[in-house]
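Residues per chain are reported as follows:
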Amino acid sequence: MLKIAVAKGRVAEKLNALLMDTRDYKDIMDLNSRKLVFVSEEKEIVFFLVKPSDVPVYVGCGAADVGIVGKDVLMESKSSAYEIMDLKTCKCRIVLAGPSEKSGVRPIVRKIATKYPRIASEYFNKKSEPVEIIKLDGSIELAPIVGLSDAIVDIVESGNTLRENGLIVYENICDITARMIANKVSYKMKNKSISIFASAVSDVVEGGGTCAQNVVMGG
Ligand code: PRP
């Protein structure tokens, strides 16, 4: 049985949309139910839905052989696994954003609110800009509005949340898409079943899934 941990929410929805185009994996997941586990005995596969930040944990320890999760989560994670495919979906970006400035020049920022402390620290370290990182778990856009921070490092998809809260993008940090990852031991021991699943997904990814085998994430 191949065990696949899928990030709940947008990633699960996009993955399921892709799977609906496959011959073998359609109709296994029902995202309208409250179920967390979806088994196909026939295809010898089980999907389970987990909180995005928990996907690298499940895959890292082998409770899942494969994970489907956003690159943002992988960049923030310390777990190690092989990143085996770019699914080219759930496209968004990580940005530095803050209140709109009339001058058009990015203000000096000292306090940064984010749910991505690792990505934010690396970004400002590279620029040799000393900042204080304030870790939050959600509603990041609120932080500069109420004076908790000068700016935010956050994920942006449509840009609506920034706009509706009077914030603008100061700088792009990186582009993000959903990725397929594999447990290192599973990648050896269950290579055939992982390859069959990965190949079926790759076939329905626009332009084909980009495979990046043996790329170690996190660390
Ligand atoms: C994310 C992110 C932004 C929003 C961006 O939050 O932190 O708030 O989505 O999307 P948009 O550019 O399409 O408006 P999420 O929905 O994950 O909720 P959260 O605030 O609880 O983290």
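Residues numbered from 1 in each chain as written. Predicted model: local features only at pLDDT ≥ 70, side-chain atom pairs only at ≥ 80, totals over all residues. Heavy atoms only, no water.

Chemist: Lay out the packing of aromatic side chains with the relevant residues and their values.
Modeler: Applying the stated criterion across every chain yields a total of 5 aromatic pairs. With 5.8 Å between their ring centres and 55° between their planes, F48 and Y58 make a pair best called tilted. Here the residue F48 occupies a position in strand β3 (residues 45-50), and Y58 occupies one in helix α2 (residues 55-61), the gap between them amounting to 10 residues. A residue is classified by how much of its surface remains accessible, and F48, at 14% relative accessible area, is buried. Exposure remark for Y58: the relative accessible area of 33% places this residue in the partly exposed category. (Phe/Tyr/Trp six-rings, centres within 6.5 Å; stacked < 30°, edge-to-face > 60°. Helix = DSSP H or I, 4+ residues; strand = E, 2+ residues; numbered from the N terminus. Buried < 20%, exposed > 50% of the residue type's maximum accessible area, 1.4 Å probe, protein only.)

Chemist: Describe the nonpolar core, and please don't skip the residues or the numbers.
Modeler: As a rule of thumb, soluble globular proteins bury nonpolar side chains together. Within the largest apolar cluster, 45 residues are counted, with the highest numbers of intra-cluster contacts made by I4, F47, I68, L87, M180 and F197. Top element by residues in this core is β3. It accounts for 6 residues. Beyond its immediate chain neighbours, meaning those up to four positions away, I68 contacts I4, A5, V6, A7, V11, L15, V55, L87, R179 and M180. (Core = buried A, V, L, I, M, F, W, Y, C linked by side-chain atoms within 4.5 Å. Contact = heavy atoms within 4.5 Å.)

Chemist: Describe the pattern of salt bridges, and please don't skip the residues or the numbers.
Modeler: According to the stated counting rule, one finds 12 salt bridges in the structure shown. In this structure, R10 and E157 form a salt bridge, with 2.4 Å as the shortest nitrogen-oxygen distance. Here R10, found in helix α1 (residues 10-19), pairs with E157, found in the loop between β9 (151-156) and α6 (160-164); they are 147 residues apart in sequence, far enough to count as distant. Owing to a relative accessible area of 56%, R10 belongs among the exposed residues under this scheme. Note that D86 is salt-bridged to R179, the shortest N-O span being 3.7 Å. On the criterion of sequence distance, the pair formed by D86 in strand β5 (residues 82-86) and R179 in strand β11 (residues 178-182) is long-range, its members being 93 residues apart. Assigned by exposure class, D86 and R179 land together as buried. (Salt bridge = Lys/Arg side-chain N within 4 Å of Asp/Glu carboxyl O.)

Chemist: Just give me the short version of the site of the ligand, but keep the residues and values in it.
Modeler: Every one of the 13 residues lining the ligand counts as a neighbour, but K115, E141, D154, S158 and T161 are closest to it. Between the ligand and K115 there is a distance of 2.3 Å, counted from an oxygen atom to a side-chain nitrogen or oxygen. The contact in question runs from an oxygen atom of the ligand to an N or O atom on the backbone of G159, over 2.7 Å. In isolation the ligand offers 500 Å² of accessible surface; the protein chains occlude 70% of this area. (Near = heavy atom within 4 Å. Polar contact = N/O pair within 3.5 Å; in protein donor to acceptor, adjacent residues only side chain to side chain. Areas by Shrake-Rupley, 256 points an atom, 1.4 Å probe, with all protein chains shown as cover.)

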